[in-house]
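# Examination of the molecular architecture
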Amino acid sequence: MPLRRRALRAGLWAAHTFAVLALLALLLPAGSARAGAAVELSAQCDFTCNGQAVRTQSRLTDGSYLHAFEEARGRLEIAAPEGERIGWVYLCFAQTPADWRLERLGEDGWEPFAAPEEGFAHALVAAPGLSKLRIVARDEALALNEVRVFTEGTLPGDVQVWQPTPRKADLLVLAAHPDDEFIFFGGLIPLYVSRGKQVVVACAAVRNGTRRSEFLNGLWEAGVRTYPVFGAFQDRYFRTLEAAYDLWTREELDYFVMRLYREYQPEVVVTHDAGGEYGHGAHRACADSALRMFDEAADALYLPQLSRRLGVWQPKKLYLHLWRENALRLDYSADVGGRSALDAAQSAFSMHASQQHFHVQCGPDDPYDCALFGLAKTAVGPDALGGDLFENLAE
């Protein structure tokens, strides 16, 4: 990226970050009589592209992620209804552009005012007092699942303001696909988020923008506020572990898992059943790689390009779903913000709207019980008490 362009984007992002944080500080606290609730204007706004009304505007404002708006030239204009002003724009990308920004009309035409660089698929942008703006993706198509436009004020709780993925995790949860994190791991994520643990959630394979948006919505509902990690593996059903490695390759998955270990330095790792729950090869591959990389994580000579860039790190414990040795059952009846951890997980799973007809969460009477795990690898000795993934780890 040319130096001038990089500096421009850095300046825009700094200004954008300051504006969002400042406005959130003023507008988001509960009970703020000064700000009041933001009013959603989405359905009343006019959406245009290349001077023409967007015929599929309802796809952008219907609350569904099952279809997307796509524009090859990468420009979408939004005009507030008469008498209203825009305060916030919430963008849910079907494909996150590498280089995008928001522009407003100035004296000399369109000018940029925000250019977030985090790469988040769901992004909130402050646009205080604007009657018109446009979204621009430079040098690539613009694909959006949903656009929500609000006046200034306190935003609804389902509007996501993601924080960057933390550089030090207490708990790393590795799921093969979106929805596995709640089907097979149940209330684990909301339980440990509620206990103040820094939870990093990684998903190896995401089929499309719909599934990614549902994944983000589910994590947000479960209390996660730091952005997850997405792998680039193809989402396929594999009958065997060998079939999974034929497409994903053992080397590429090992690199992905080792990067998770070394970049996010988890104390505890949780992933799938070694048998793939119901036999899914992708689930088996996640468990297989997690086991092998645990043994190699502290060896600087193993994947040395990663160790030179990230250093080495030894996770302390690795739990696999349904592992029979040193097994434990997590208590999902624990209170999580006025509901049980299992209820929180069920609500989060409901965010995977496209999957409700295919899957159900695995409860205590299910052979794939989502509360059962076993300590497959440990650097701190076996569990004695059980019931807590962090046993034998200092606070």
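In this report, we go over the structure that sits alongside the text. (Residues numbered from 1 in each chain as written. Predicted model: local features only at pLDDT ≥ 70, side-chain atom pairs only at ≥ 80, totals over all residues. Heavy atoms only, no water.)

### Focus: the nonpolar core
- Judged by nonpolar contacts, the single largest core of 43 residues is most densely connected at Leu171, Leu188, Ile189, Tyr192, Tyr332, Phe373 and Leu389.
- For this core, the secondary-structure elements that each account for two or more residues are strand E11 (171-175), helix H3 (180-183), helix H4 (188-194), strand E12 (199-205), helix H5 (209-221), strand E14 (268-271), helix H10 (341-349) and strand E19 (372-378).
- If you look at the next biggest cluster of nonpolar residues, it comprises 36 residues, including Ala176, Tyr245, Ala282 and Ala287. (Core = buried A, V, L, I, M, F, W, Y, C linked by side-chain atoms within 4.5 Å. Buried < 20%, exposed > 50% of the residue type's maximum accessible area, 1.4 Å probe, protein only. Helix = DSSP H or I, 4+ residues; strand = E, 2+ residues; numbered from the N terminus.)

### Things to note about the packing of aromatic side chains
- As enumerated under the stated definition, the model contains 13 aromatic pairs in all.
- Where Tyr227 meets Phe230, the ring centres are 6.0 Å apart and the plane angle is 65 degrees; that geometry is what we call edge-to-face.
- For the ring pair Phe233 and Phe256, a centre distance of 5.6 Å and an interplane angle of 75 degrees mean the geometry is edge-to-face. Placement of the pair is Phe233 in strand E13 (residues 229-233) and Phe256 in helix H7 (residues 250-264), with a sequence separation of 23 residues. Considered together, Phe233 and Phe256 belong to a single accessibility category, that of buried residues.
- Ring pairing ties together the aromatic residues Phe120, Trp162, Phe215, Trp220, Tyr227 and Phe230, which thus form one cluster. (Phe/Tyr/Trp six-rings, centres within 6.5 Å; stacked < 30°, edge-to-face > 60°.)

### Digging into the pattern of salt bridges
- One pass over the structure, following the stated rule, counts 22 salt bridges.
- Arg292 serves as the salt-bridge partner of Asp288, at 3.0 Å between the closest nitrogen and oxygen. Of this pair, Asp288 and Arg292 are both found in helix H8 (residues 281-296), four residues apart, which corresponds to roughly one turn of the helix.
- Given the relative accessible area of 25%, Arg292 is considered partly exposed.
- Several salt bridges share partner residues, and in doing so they unite Arg250, Asp254, Asp288 and Arg292 into one network. (Salt bridge = Lys/Arg side-chain N within 4 Å of Asp/Glu carboxyl O.)

### Focus on the environment of Glu391
- Its location among the elements puts Glu391 in the segment after E19.
- The class for Glu391 is buried, based on a relative accessible area of 9%.
- Measuring from C-alpha to C-alpha, the distance between Glu391 and Lys317 comes to 9.6 Å, with 74 residues separating the pair along the chain.
- Residues contacting Glu391, with those up to four places away along its chain left out, are Lys317, Asp383, Ala384, Leu385 and Gly386.
- Here the side chain of Glu391 touches Leu385 through a polar contact of 2.9 Å, landing on its backbone nitrogen. (Contact = heavy atoms within 4.5 Å. Polar contact = N/O pair within 3.5 Å; in protein donor to acceptor, adjacent residues only side chain to side chain.)

### Brief notes about the sheet that holds strand E3 (residues 69-71)
- Read from one edge to the other, the open sheet built from four strands follows the order E3-E10-E5-E8, with strand pairing classed as antiparallel. This sheet does not close on itself; its edge strands, each paired only once, are E3 and strand E8 (122-130). When the angles between neighbouring strand axes are averaged without regard to direction, this sheet yields 40 degrees.
- Alignment of strand E5 (residues 86-95) against strand E10 (residues 142-150), held across seven bridges, turns out to be antiparallel. Bridge pairing in E10 links Leu91 to Val147.
- Each of E5, E8 and E10 touches H5; the most contacted strand, E5, lies at about 125 degrees to it. (Pairing = 2+ DSSP bridges. Axes fitted to C-alpha atoms, helices over the stretch in contact; angles between N-to-C directions.)

### With respect to the pairing of E13
- Where burial is concerned, the two faces of E13 differ: the one with Val229, Gly231 and Phe233 is buried and the one with Phe230 and Ala232 is not.
- By the bridge criterion, three bridges tie E12 to E13 in an arrangement that is parallel. Along E13, the bridge assignment pairs Ala205 with Phe233.
- Crossover handedness for the path E12 to H5 to E13: right-handed. (Right-handed = clockwise from strand over helix to strand, strands pointing away.)

### What to know about unusual backbone geometry
- For Thr249, which is not glycine, the phi dihedral falls at a positive 70 degrees.
- Here Thr249 lies in the loop between helix H6 (241-248) and H7.
- Look at Thr249 and you get partly exposed, because its relative accessible area is 23%.

### Things to note about the state of the cysteines
- Under the definition given, this model contains zero disulfides.
- Unpaired in this structure, Cys45 has its nearest cysteine sulfur neighbour in Cys92, at a distance of 15 Å.
- Not engaged in a disulfide, the cysteine Cys362 finds its nearest cysteine sulfur in Cys370; these two sulfurs lie 6.6 Å apart.
- Accessibility expressed as a relative area gives 5% for Cys362, which makes it buried. (Disulfide = S-S within 2.5 Å.)

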